[in-house]
Amino acid sequence: MDLNDHIREIPDFPKPGILFRDITPLLSHPEALRYTVDLLAEQVADLKPDYIAGIESRGFIFGVPLACRMGLGFAPVRKPGKLPAATYSAEYVLEYGTDRLELHQDAFPSGSRVLIVDDLIATGGTAAAAVELVKKTGSEIAGFGFIIELTGLAGRNNLPDLPIVSLLQY
Ligand code: AMP
């Protein structure tokens, strides 16, 4: 199974100059979807996470089935104003704009090992904000799981020196 066959490239989305990596063909293909979750679960197993933190919104799509597959709980890292209880907040810079992320203060028991999951790492700004949030909860980062890594943007350099798993590199 070559997952590359299930990623579509859309030029100039959401703005000129961005080559958008569209995961919807992968999501619509039953075997590719299952294979993606199984492969990610296999590759992050050694990191021994206690919880998955998925980043809104495509980190939810992969983070929840990954958590189910690994027998773990899940916490959503969300855009501002979506989480109902007390939150921590962190600002970040995107490949195309700036934004803010929030996480429930009681998302994990203190000292948990948390795996941060998103569909794609570009500059690493989004994942770095998730790191800040997980640390604020008193938990540690077990590592990172991405479906796609845009290696030219060197997003890894914006993250702490911890294991990073990515299934596809462009
Ligand atoms: P970054 O903070 O630069 O690592 O950007 C990562 C976030 O932006 C992820 O949530 C991605 O879903 C999204 N993203 C950034 N660049 C792209 C791209 N070229 N194609 C698809 N999604 C992207």
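It should be noted that the structure appears before, not after, this text.
The rules behind the values
- Residues numbered from 1 in each chain as written.
- Predicted model: local features only at pLDDT ≥ 70, side-chain atom pairs only at ≥ 80, totals over all residues.
- Heavy atoms only, no water.
- Core = buried A, V, L, I, M, F, W, Y, C linked by side-chain atoms within 4.5 Å.
- Buried < 20%, exposed > 50% of the residue type's maximum accessible area, 1.4 Å probe, protein only.
- Helix = DSSP H or I, 4+ residues; strand = E, 2+ residues; numbered from the N terminus.
- Contact = heavy atoms within 4.5 Å.
- Pairing = 2+ DSSP bridges.
- Axes fitted to C-alpha atoms, helices over the stretch in contact; angles between N-to-C directions.
- Polar contact = N/O pair within 3.5 Å; in protein donor to acceptor, adjacent residues only side chain to side chain.

## Here's the deal with the nonpolar core
In this structure, L3, L40, L66, L115, I148 and L167 are the most contacted members of the largest nonpolar core, which totals 25 residues. If you list the elements that add at least two residues to this core, you get α2 (30-44), α3 (58-70), β7 (113-121), β8 (140-149) and β9 (164-169). Among the elements that line this core, the one with the most residues is α2, at five residues. Those residues in contact with L66 that sit more than four places away from it in its chain are V37, L40, A41, I52, L115 and V117. Membership of the second largest hydrophobic core comes to 23 residues, among which are A53, F108, A129 and F144.

## Notes on the sheet that holds β9
Sheet architecture is open: five strands sit in the order β4-β3-β7-β8-β9, paired in parallel fashion. Two strands lie at the open edges of the sheet, namely β4 (73-77) and β9, each paired on one side alone. Within this sheet the neighbouring strands show an average axis-to-axis angle of 20°, counted without direction. Along the sheet, α3 makes contact with β3 (51-55), β4, β7 and β8, crossing β7 at roughly 135°.

## Examining the side chain of E56
When you line up the elements, E56 lands in the loop between β3 and α3. Since its relative accessible area comes to 15%, E56 is described here as buried. At 2.9 Å, the side chain of E56 forms a polar contact with the side chain of R78. For E56, the side chain forms a polar contact with the main-chain nitrogen of K79, separated by 2.8 Å. Dropping the residues within four chain positions of it, E56 is found in contact with V77, R78, K79 and K82.

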